[in-house]
Amino acid sequence: MEGQKLERVPTFAIVTLGCKVNQYDSWQLMRELKALGFRQVPFGAPADAVIVNSCTVTHVAEAKSRKIVSRARRASPQAVVVFTGCAAELLQQRGAALEHADIIVGNSGKQGLAQRITQWVRERWHLLASQGSDAPPYGEPLLSETSDGVHGKARAFLKVQEGCDKFCTFCIIPFTRGTPKSKPLPTVLDEAKELVDEMGFAEIVLTGVCLTLWGREWGMTLADLLERLHDLDGVKRLRLSSLDPRDLDERFVRTCAMLPKVCHHFHISLQAGDDEILQAMGRGYDCAYFRRLVETFRSFMPDAAFTTDIMVGFPGETEQHFENTLRFVREIGFMHLHVFRYSPRPGTKAAERKGTVKAEVADKRAQKLIAVGKELWLQFARRFLDTTVEVLVERCQPIGDARLPDSFEVSGLTGNYLKVRWVTDRPVPPGEVAGVRLTELVAEQEAVRGEPAESVCSHRCMWQN
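Below, the structure is looked at part by part.

Thresholds applied
- Residues numbered from 1 in each chain as written.
- Predicted model: local features only at pLDDT ≥ 70, side-chain atom pairs only at ≥ 80, totals over all residues.
- Heavy atoms only, no water.
- Salt bridge = Lys/Arg side-chain N within 4 Å of Asp/Glu carboxyl O.
- Buried < 20%, exposed > 50% of the residue type's maximum accessible area, 1.4 Å probe, protein only.
- Helix = DSSP H or I, 4+ residues; strand = E, 2+ residues; numbered from the N terminus.
- Arc of directions from axis to C-beta.
- Contact = heavy atoms within 4.5 Å.
- Polar contact = N/O pair within 3.5 Å; in protein donor to acceptor, adjacent residues only side chain to side chain.
- 1 Å grid on protein atoms, 1.4 Å probe; cavity = no way out; pocket = protein on both sides within 12 Å on 5 of 7 lines; lining within 4 Å.
- Points joined across faces, edges and corners; volume = space filled by probe spheres on them.
- Nonpolar A, V, L, I, M, F, W, Y, C, P; charged D, E, K, R; others polar.

**Details of the pattern of salt bridges**
At step 1: Under the counting rule described, the total for this entry stands at 30 salt bridges.
At step 2: The partner of Arg-246 in a salt bridge is Asp-244, and the shortest N-O contact between them spans 2.8 Å.
At step 3: We classify Arg-246 as partly exposed; its relative accessible area is 22%.
At step 4: Arg-437 serves as the salt-bridge partner of Asp-386, at 3.3 Å between the closest nitrogen and oxygen. Of the two residues, Asp-386 sits in the loop between helix H12 (359-382) and strand E14 (388-399) while Arg-437 sits in strand E17 (residues 433-442), which places them 51 residues apart along the sequence.
At step 5: A single salt-bridge network, built from bridges that share partners, covers Arg-155, Glu-203, Arg-237, Arg-239, Glu-394 and Arg-395.

Quick look at the structure:
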(Lines give C-alpha, C1' and ligand atoms only; values in the text may rest on other atoms or scores of the structure.)
Protein backbone atom coordinates (compact mmCIF):
# COMPACT_ATOMS: atom_id res chain seq x y z
CA MET A 1 0.00 0.00 0.00
CA GLU A 2 2.87 2.39 0.80
CA GLY A 3 3.46 4.97 -1.93
CA GLN A 4 0.38 3.84 -3.91
CA LYS A 5 -1.94 6.64 -5.00
CA LEU A 6 -5.72 6.38 -5.04
CA GLU A 7 -7.55 6.01 -8.34
CA ARG A 8 -9.36 9.35 -7.93
CA VAL A 9 -8.40 12.60 -6.26
CA PRO A 10 -9.23 12.54 -2.54
CA THR A 11 -9.23 15.61 -0.33
CA PHE A 12 -8.06 16.27 3.20
CA ALA A 13 -8.23 19.07 5.76
CA ILE A 14 -5.96 19.48 8.75
CA VAL A 15 -6.15 21.51 11.95
CA THR A 16 -3.06 22.01 14.11
CA LEU A 17 -3.14 23.05 17.75
CA GLY A 18 -0.25 23.73 20.07
CA CYS A 19 3.47 24.03 19.57
CA LYS A 20 5.85 24.39 16.64
CA VAL A 21 6.65 20.68 16.90
CA ASN A 22 3.01 19.93 16.08
CA GLN A 23 3.14 22.41 13.22
CA TYR A 24 6.17 20.64 11.80
CA ASP A 25 4.50 17.23 12.17
CA SER A 26 1.38 18.52 10.38
CA TRP A 27 3.44 19.95 7.55
CA GLN A 28 5.22 16.66 7.05
CA LEU A 29 1.90 14.81 7.03
CA MET A 30 0.52 17.26 4.46
CA ARG A 31 3.50 16.63 2.21
CA GLU A 32 3.07 12.87 2.49
CA LEU A 33 -0.66 13.01 1.71
CA LYS A 34 -0.08 15.24 -1.30
CA ALA A 35 2.59 12.84 -2.55
CA LEU A 36 -0.06 10.09 -2.33
CA GLY A 37 -2.42 12.12 -4.53
CA PHE A 38 -4.50 14.02 -1.95
CA ARG A 39 -5.58 17.62 -2.43
CA GLN A 40 -5.82 19.91 0.61
CA VAL A 41 -8.99 21.88 1.35
CA PRO A 42 -9.77 24.37 4.13
CA PHE A 43 -11.12 23.01 7.37
CA GLY A 44 -14.91 23.17 7.23
CA ALA A 45 -15.11 22.31 3.52
CA PRO A 46 -16.29 18.77 2.67
CA ALA A 47 -13.31 16.42 2.72
CA ASP A 48 -12.53 12.73 2.53
CA ALA A 49 -10.18 12.90 5.50
CA VAL A 50 -9.96 15.41 8.36
CA ILE A 51 -6.95 15.37 10.67
CA VAL A 52 -6.90 17.08 14.06
CA ASN A 53 -3.34 17.35 15.41
CA SER A 54 -4.17 17.95 19.05
CA CYS A 55 -2.62 19.59 22.11
CA THR A 56 -3.00 18.75 25.79
CA VAL A 57 -0.62 21.22 27.44
CA THR A 58 -3.66 22.77 29.19
CA HIS A 59 -7.18 21.49 29.79
CA VAL A 60 -8.45 24.29 27.54
CA ALA A 61 -6.27 23.10 24.65
CA GLU A 62 -7.43 19.51 25.17
CA ALA A 63 -11.11 20.51 25.27
CA LYS A 64 -10.65 22.60 22.11
CA SER A 65 -9.04 19.64 20.36
CA ARG A 66 -12.05 17.44 21.17
CA LYS A 67 -14.53 20.08 20.03
CA ILE A 68 -12.76 20.39 16.67
CA VAL A 69 -13.23 16.64 16.16
CA SER A 70 -16.99 17.11 16.60
CA ARG A 71 -16.95 20.04 14.16
CA ALA A 72 -15.03 17.94 11.66
CA ARG A 73 -17.67 15.22 11.77
CA ARG A 74 -20.48 17.73 11.28
CA ALA A 75 -18.70 19.36 8.34
CA SER A 76 -17.83 16.05 6.64
CA PRO A 77 -20.19 13.28 7.86
CA GLN A 78 -18.66 10.66 5.54
CA ALA A 79 -15.03 11.61 6.15
CA VAL A 80 -12.34 9.61 7.88
CA VAL A 81 -11.70 11.70 11.01
CA VAL A 82 -8.21 11.34 12.49
CA PHE A 83 -7.29 12.44 16.01
CA THR A 84 -3.53 12.61 16.59
CA GLY A 85 -1.02 14.57 18.69
CA CYS A 86 -0.60 14.85 22.45
CA ALA A 87 -4.26 14.60 23.49
CA ALA A 88 -4.57 11.50 21.31
CA GLU A 89 -1.46 10.04 22.96
CA LEU A 90 -3.11 10.33 26.39
CA LEU A 91 -6.30 8.72 25.10
CA GLN A 92 -4.33 5.78 23.74
CA GLN A 93 -2.42 5.36 26.99
CA ARG A 94 -5.73 5.23 28.86
CA GLY A 95 -7.32 2.87 26.34
CA ALA A 96 -10.13 5.38 25.80
CA ALA A 97 -12.15 6.17 22.69
CA LEU A 98 -13.34 9.51 21.30
CA GLU A 99 -16.74 9.95 19.73
CA HIS A 100 -16.59 10.97 16.05
CA ALA A 101 -12.93 9.95 15.63
CA ASP A 102 -12.26 6.97 13.33
CA ILE A 103 -8.52 6.84 13.94
CA ILE A 104 -6.75 7.78 17.19
CA VAL A 105 -2.98 7.91 16.75
CA GLY A 106 -0.56 9.20 19.37
CA ASN A 107 2.73 10.90 18.62
CA SER A 108 4.58 7.62 18.42
CA GLY A 109 2.27 6.44 15.62
CA LYS A 110 2.51 9.43 13.31
CA GLN A 111 5.03 7.69 11.10
CA GLY A 112 3.07 5.83 8.44
CA LEU A 113 -0.13 7.75 9.23
CA ALA A 114 -0.49 9.03 5.65
CA GLN A 115 -0.59 5.47 4.32
CA ARG A 116 -3.07 4.47 6.99
CA ILE A 117 -5.34 7.39 6.09
CA THR A 118 -5.12 6.43 2.42
CA GLN A 119 -6.23 2.88 3.20
CA TRP A 120 -9.14 4.09 5.33
CA VAL A 121 -10.32 6.48 2.61
CA ARG A 122 -10.20 3.68 0.04
CA GLU A 123 -12.25 1.41 2.31
CA ARG A 124 -14.70 4.23 3.09
CA TRP A 125 -15.24 4.84 -0.64
CA HIS A 126 -15.89 1.14 -1.24
CA LEU A 127 -18.38 1.11 1.64
CA LEU A 128 -20.23 4.15 0.30
CA ALA A 129 -20.32 2.67 -3.19
CA SER A 130 -21.77 -0.56 -1.86
CA GLN A 131 -24.49 1.47 -0.16
CA GLY A 132 -25.28 3.34 -3.35
CA SER A 133 -23.83 6.61 -2.06
CA ASP A 134 -21.26 8.92 -3.56
CA ALA A 135 -18.07 9.96 -1.83
CA PRO A 136 -18.21 13.38 -0.18
CA PRO A 137 -17.97 16.35 -2.58
CA TYR A 138 -14.56 17.94 -2.89
CA GLY A 139 -13.72 21.37 -1.51
CA GLU A 140 -11.55 24.11 -2.96
CA PRO A 141 -7.73 23.97 -2.74
CA LEU A 142 -6.18 25.63 0.29
CA LEU A 143 -4.80 29.07 -0.55
CA SER A 144 -1.42 28.47 1.06
CA GLU A 145 0.39 26.38 3.65
CA THR A 146 1.28 29.46 5.70
CA SER A 147 -0.76 28.63 8.78
CA ASP A 148 0.67 25.13 9.11
CA GLY A 149 4.31 25.76 9.87
CA VAL A 150 5.45 27.44 6.64
CA HIS A 151 5.68 31.18 5.99
CA GLY A 152 5.57 31.69 2.22
CA LYS A 153 9.06 30.86 1.04
CA ALA A 154 10.61 32.68 3.97
CA ARG A 155 10.64 30.41 7.02
CA ALA A 156 10.27 26.68 7.52
CA PHE A 157 10.26 24.67 10.74
CA LEU A 158 12.70 21.78 11.05
CA LYS A 159 12.07 19.40 13.94
CA VAL A 160 15.38 17.97 15.14
CA GLN A 161 14.44 16.50 18.52
CA GLU A 162 11.56 14.64 20.18
CA GLY A 163 10.69 13.92 23.80
CA CYS A 164 11.58 15.32 27.22
CA ASP A 165 12.76 13.90 30.55
CA LYS A 166 12.77 17.10 32.61
CA PHE A 167 9.46 16.25 34.35
CA CYS A 168 8.61 19.74 35.56
CA THR A 169 5.88 19.23 38.14
CA PHE A 170 3.17 20.99 36.08
CA CYS A 171 3.93 19.48 32.66
CA ILE A 172 2.24 16.53 30.94
CA ILE A 173 4.49 16.61 27.86
CA PRO A 174 7.04 13.98 29.04
CA PHE A 175 4.11 11.56 29.27
CA THR A 176 2.83 12.35 25.76
CA ARG A 177 6.10 12.78 23.84
CA GLY A 178 8.25 10.12 25.46
CA THR A 179 11.95 10.07 26.27
CA PRO A 180 14.35 12.42 24.47
CA LYS A 181 15.52 11.34 21.04
CA SER A 182 17.61 13.41 18.63
CA LYS A 183 17.29 13.33 14.88
CA PRO A 184 20.67 12.17 13.51
CA LEU A 185 22.94 14.89 12.19
CA PRO A 186 23.04 13.56 8.59
CA THR A 187 19.23 13.46 8.50
CA VAL A 188 18.98 17.03 9.80
CA LEU A 189 21.45 18.25 7.20
CA ASP A 190 19.62 16.42 4.40
CA GLU A 191 16.27 17.89 5.43
CA ALA A 192 17.77 21.38 5.70
CA LYS A 193 19.28 21.05 2.20
CA GLU A 194 15.89 20.01 0.84
CA LEU A 195 14.19 23.00 2.45
CA VAL A 196 16.77 25.39 1.01
CA ASP A 197 17.77 23.88 -2.34
CA GLU A 198 14.55 22.23 -3.49
CA MET A 199 11.87 24.26 -1.73
CA GLY A 200 13.56 27.66 -1.65
CA PHE A 201 13.23 28.59 2.02
CA ALA A 202 15.55 31.27 3.36
CA GLU A 203 15.20 30.81 7.13
CA ILE A 204 15.17 27.54 9.04
CA VAL A 205 13.57 27.49 12.48
CA LEU A 206 14.95 24.64 14.58
CA THR A 207 12.37 23.15 16.87
CA GLY A 208 11.98 20.23 19.24
CA VAL A 209 10.04 19.19 22.32
CA CYS A 210 13.18 20.01 24.32
CA LEU A 211 15.42 21.47 21.64
CA THR A 212 18.39 21.99 23.95
CA LEU A 213 18.73 18.22 24.45
CA TRP A 214 19.65 17.64 20.80
CA GLY A 215 22.75 15.46 20.40
CA ARG A 216 22.98 14.29 24.00
CA GLU A 217 23.02 10.64 22.89
CA TRP A 218 26.26 11.16 20.97
CA GLY A 219 28.04 13.65 23.23
CA MET A 220 27.06 16.52 20.92
CA THR A 221 25.24 19.75 21.65
CA LEU A 222 22.90 22.19 19.95
CA ALA A 223 25.90 24.45 19.38
CA ASP A 224 27.50 21.68 17.28
CA LEU A 225 24.36 21.44 15.17
CA LEU A 226 24.29 25.20 14.60
CA GLU A 227 27.87 25.14 13.37
CA ARG A 228 27.13 22.40 10.84
CA LEU A 229 23.91 23.99 9.58
CA HIS A 230 25.60 27.37 9.29
CA ASP A 231 27.95 25.93 6.66
CA LEU A 232 25.10 24.97 4.30
CA ASP A 233 24.93 27.09 1.16
CA GLY A 234 21.64 28.90 0.64
CA VAL A 235 20.67 29.18 4.30
CA LYS A 236 20.22 32.86 5.05
CA ARG A 237 19.07 32.53 8.66
CA LEU A 238 18.91 30.02 11.48
CA ARG A 239 16.35 30.70 14.21
CA LEU A 240 15.85 28.76 17.43
CA SER A 241 12.51 27.95 19.03
CA SER A 242 12.01 27.50 22.77
CA LEU A 243 15.17 26.90 24.83
CA ASP A 244 15.47 25.37 28.30
CA PRO A 245 17.81 27.56 30.40
CA ARG A 246 19.22 24.53 32.24
CA ASP A 247 21.01 23.33 29.10
CA LEU A 248 22.60 26.62 28.01
CA ASP A 249 26.18 27.60 28.73
CA GLU A 250 28.77 30.15 27.59
CA ARG A 251 29.94 27.96 24.74
CA PHE A 252 26.41 27.96 23.30
CA VAL A 253 26.19 31.75 23.67
CA ARG A 254 29.60 32.26 22.04
CA THR A 255 28.60 30.02 19.15
CA CYS A 256 25.40 31.98 18.52
CA ALA A 257 27.33 35.24 18.59
CA MET A 258 30.05 33.92 16.31
CA LEU A 259 27.73 32.59 13.57
CA PRO A 260 26.26 35.48 11.51
CA LYS A 261 23.28 33.44 10.28
CA VAL A 262 21.99 32.71 13.78
CA CYS A 263 19.16 35.10 14.69
CA HIS A 264 19.65 37.14 17.84
CA HIS A 265 16.26 36.12 19.19
CA PHE A 266 16.15 33.67 22.08
CA HIS A 267 12.95 32.28 23.58
CA ILE A 268 14.15 31.08 26.99
CA SER A 269 11.35 29.65 29.09
CA LEU A 270 11.30 31.21 32.58
CA GLN A 271 7.84 30.18 33.91
CA ALA A 272 8.15 32.22 37.14
CA GLY A 273 10.33 34.95 38.59
CA ASP A 274 10.26 33.70 42.17
CA ASP A 275 12.71 31.13 43.55
CA GLU A 276 10.18 29.36 45.77
CA ILE A 277 7.76 28.85 42.90
CA LEU A 278 10.55 27.78 40.55
CA GLN A 279 11.58 25.13 43.05
CA ALA A 280 7.99 23.92 43.40
CA MET A 281 7.78 23.72 39.61
CA GLY A 282 10.88 21.54 39.52
CA ARG A 283 12.62 23.89 37.12
CA GLY A 284 16.15 23.22 38.39
CA TYR A 285 17.39 26.83 38.42
CA ASP A 286 16.79 30.04 40.34
CA CYS A 287 16.42 33.68 39.34
CA ALA A 288 20.12 34.40 39.89
CA TYR A 289 21.07 31.68 37.39
CA PHE A 290 18.61 33.01 34.81
CA ARG A 291 19.87 36.57 35.33
CA ARG A 292 23.50 35.53 34.78
CA LEU A 293 22.52 33.62 31.65
CA VAL A 294 20.82 36.65 30.09
CA GLU A 295 23.74 38.87 31.08
CA THR A 296 26.08 36.47 29.27
CA PHE A 297 23.95 36.63 26.13
CA ARG A 298 23.87 40.41 26.22
CA SER A 299 27.61 40.70 26.76
CA PHE A 300 28.12 39.00 23.37
CA MET A 301 24.94 40.21 21.57
CA PRO A 302 23.72 43.59 22.87
CA ASP A 303 20.92 43.66 20.26
CA ALA A 304 19.49 40.29 21.33
CA ALA A 305 15.77 39.96 22.00
CA PHE A 306 14.54 37.68 24.76
CA THR A 307 11.03 36.25 24.82
CA THR A 308 9.66 33.85 27.41
CA ASP A 309 6.77 31.87 28.91
CA ILE A 310 5.27 32.94 32.23
CA MET A 311 2.74 30.89 34.16
CA VAL A 312 0.35 32.48 36.64
CA GLY A 313 -1.79 30.74 39.24
CA PHE A 314 0.56 27.85 40.02
CA PRO A 315 -0.72 26.12 43.20
CA GLY A 316 0.55 28.01 46.21
CA GLU A 317 1.43 31.18 44.29
CA THR A 318 0.81 34.10 46.66
CA GLU A 319 0.51 37.75 45.79
CA GLN A 320 4.10 38.23 46.96
CA HIS A 321 5.30 35.46 44.66
CA PHE A 322 3.53 37.14 41.77
CA GLU A 323 4.96 40.56 42.61
CA ASN A 324 8.43 39.00 42.60
CA THR A 325 7.73 37.66 39.11
CA LEU A 326 6.58 41.08 37.94
CA ARG A 327 9.77 42.69 39.23
CA PHE A 328 11.99 40.03 37.71
CA VAL A 329 10.30 40.25 34.32
CA ARG A 330 10.90 44.01 34.29
CA GLU A 331 14.50 43.53 35.42
CA ILE A 332 15.29 41.09 32.61
CA GLY A 333 13.60 43.32 30.04
CA PHE A 334 11.96 40.66 27.89
CA MET A 335 10.84 41.74 24.45
CA HIS A 336 7.66 39.63 24.59
CA LEU A 337 5.81 37.54 27.18
CA HIS A 338 3.70 34.48 26.50
CA VAL A 339 1.43 34.51 29.55
CA PHE A 340 -0.84 31.61 30.45
CA ARG A 341 -2.77 30.33 33.45
CA TYR A 342 -1.77 27.17 35.28
CA SER A 343 -3.87 24.21 34.18
CA PRO A 344 -3.89 21.05 36.36
CA ARG A 345 -2.87 18.00 34.33
CA PRO A 346 -3.83 14.65 35.92
CA GLY A 347 -0.76 12.56 36.63
CA THR A 348 1.58 15.47 37.30
CA LYS A 349 2.93 16.29 40.77
CA ALA A 350 1.56 19.84 40.70
CA ALA A 351 -1.98 18.49 40.33
CA GLU A 352 -1.64 17.09 43.85
CA ARG A 353 -0.46 20.36 45.38
CA LYS A 354 -2.62 22.40 47.72
CA GLY A 355 -3.16 26.13 47.50
CA THR A 356 -5.32 26.41 44.39
CA VAL A 357 -5.39 29.96 43.05
CA LYS A 358 -8.86 31.23 42.17
CA ALA A 359 -9.49 31.67 38.46
CA GLU A 360 -10.38 35.35 38.81
CA VAL A 361 -7.13 35.98 40.71
CA ALA A 362 -5.08 34.19 38.07
CA ASP A 363 -6.85 36.16 35.33
CA LYS A 364 -6.01 39.48 36.98
CA ARG A 365 -2.37 38.46 37.35
CA ALA A 366 -2.27 37.42 33.70
CA GLN A 367 -3.66 40.78 32.60
CA LYS A 368 -1.06 42.63 34.68
CA LEU A 369 1.74 40.62 33.08
CA ILE A 370 0.36 41.16 29.59
CA ALA A 371 0.30 44.92 30.23
CA VAL A 372 3.89 44.82 31.45
CA GLY A 373 4.82 42.83 28.36
CA LYS A 374 3.46 45.58 26.12
CA GLU A 375 5.54 48.16 28.00
CA LEU A 376 8.65 46.03 27.64
CA TRP A 377 8.10 45.60 23.90
CA LEU A 378 7.92 49.38 23.50
CA GLN A 379 11.15 49.83 25.46
CA PHE A 380 12.94 47.27 23.33
CA ALA A 381 11.62 48.37 19.93
CA ARG A 382 12.25 52.06 20.62
CA ARG A 383 16.00 51.36 20.73
CA PHE A 384 15.96 50.57 17.02
CA LEU A 385 14.05 53.57 15.69
CA ASP A 386 15.98 55.55 13.05
CA THR A 387 18.32 52.61 12.47
CA THR A 388 18.61 50.43 9.38
CA VAL A 389 17.94 46.73 9.90
CA GLU A 390 17.80 43.63 7.72
CA VAL A 391 14.32 42.18 7.31
CA LEU A 392 13.50 38.76 5.88
CA VAL A 393 10.47 39.34 3.67
CA GLU A 394 7.52 37.07 4.43
CA ARG A 395 4.69 38.73 2.49
CA CYS A 396 4.30 41.27 -0.27
CA GLN A 397 0.82 42.55 -1.19
CA PRO A 398 -0.19 45.05 -3.90
CA ILE A 399 -1.87 48.24 -2.73
CA GLY A 400 -4.75 49.48 -4.86
CA ASP A 401 -5.63 47.69 -8.09
CA ALA A 402 -3.91 44.30 -7.94
CA ARG A 403 -3.63 44.27 -11.73
CA LEU A 404 -1.92 47.65 -11.94
CA PRO A 405 -0.51 48.34 -8.48
CA ASP A 406 1.55 51.46 -7.94
CA SER A 407 2.95 50.30 -4.60
CA PHE A 408 3.31 47.23 -2.44
CA GLU A 409 3.06 46.61 1.29
CA VAL A 410 5.88 44.36 2.44
CA SER A 411 6.20 42.67 5.83
CA GLY A 412 8.74 40.48 7.56
CA LEU A 413 10.94 39.89 10.59
CA THR A 414 14.28 41.18 11.72
CA GLY A 415 16.77 38.73 13.17
CA ASN A 416 15.82 39.86 16.67
CA TYR A 417 12.11 39.30 16.02
CA LEU A 418 10.79 42.77 15.33
CA LYS A 419 7.79 42.67 13.00
CA VAL A 420 8.30 45.28 10.29
CA ARG A 421 6.05 46.62 7.53
CA TRP A 422 6.82 49.12 4.83
CA VAL A 423 5.68 50.31 1.42
CA THR A 424 7.77 50.20 -1.73
CA ASP A 425 7.22 50.81 -5.42
CA ARG A 426 8.36 47.35 -6.48
CA PRO A 427 7.37 43.83 -5.44
CA VAL A 428 9.79 42.12 -3.08
CA PRO A 429 9.66 38.30 -3.17
CA PRO A 430 9.31 36.34 0.08
CA GLY A 431 12.69 35.05 1.19
CA GLU A 432 14.58 38.16 0.13
CA VAL A 433 16.47 40.10 2.80
CA ALA A 434 15.76 43.82 2.54
CA GLY A 435 17.34 46.82 4.22
CA VAL A 436 14.71 48.88 6.04
CA ARG A 437 14.99 52.06 8.10
CA LEU A 438 12.65 51.87 11.10
CA THR A 439 10.55 54.99 11.48
CA GLU A 440 7.52 54.47 13.74
CA LEU A 441 6.19 52.11 16.40
CA VAL A 442 2.69 50.61 16.22
CA ALA A 443 2.25 49.56 19.83
CA GLU A 444 -1.15 47.89 19.54
CA GLN A 445 0.24 45.45 16.97
CA GLU A 446 3.74 45.17 18.45
CA ALA A 447 5.09 46.08 15.04
CA VAL A 448 7.25 48.76 13.45
CA ARG A 449 6.74 50.84 10.33
CA GLY A 450 9.69 51.47 8.10
CA GLU A 451 10.87 52.60 4.70
CA PRO A 452 13.28 51.10 2.18
CA ALA A 453 16.82 51.94 3.19
CA GLU A 454 18.20 52.09 -0.33
CA SER A 455 15.91 54.97 -1.37
CA VAL A 456 13.47 56.74 0.91
CA CYS A 457 9.95 55.82 -0.17
CA SER A 458 7.84 58.78 -1.27
CA HIS A 459 4.68 57.14 -0.01
CA ARG A 460 3.63 57.35 3.61
CA CYS A 461 3.76 53.79 4.87
CA MET A 462 0.26 52.32 4.85
CA TRP A 463 -0.83 49.79 7.45
CA GLN A 464 -3.10 46.95 6.42
CA ASN A 465 -4.21 44.02 8.52
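From this point, the narrative continues.
**Some remarks on helix H8 (residues 250-258)**
At step 1: Buried within H8 are the following residues: Phe-252, Val-253, Thr-255 and Cys-256. Down the axis, H8 shows its buried residues gathered within 160° of arc, on one side only.
At step 2: Turning to H8, the residues buried within the fold contact helix H7 (222-230), strand E10 (237-240), strand E11 (265-267) and helix H10 (287-300).
At step 3: Residue Asp-249 occupies the N-cap position of H8, its side-chain oxygen lying 3.3 Å from the main-chain nitrogen of Arg-251.

**Side note on the layout of surface pockets**
At step 1: Reported here for the second largest pocket is a volume of approximately 810 Å³.
At step 2: If you go around the second largest pocket, you meet 31 residues; those closest to its centre are Asp-25, Lys-110, Gln-111, Lys-159 and Glu-162.
At step 3: Sorting the residues of the lining of the second largest pocket by element identifies helix H1 (20-35), strand E3 (49-54), strand E7 (155-162), helix H5 (173-177), strand E8 (181-182) and helix H6 (185-198) as the ones contributing at least two each.
At step 4: For the lining of the second largest pocket, the element with the most residues is H1, which contributes 6 residues.
At step 5: Along the lines of polarity and charge, the residues of the lining of the second largest pocket split into 7 nonpolar, 14 polar and 10 charged.

This is a description of form; function is not addressed.
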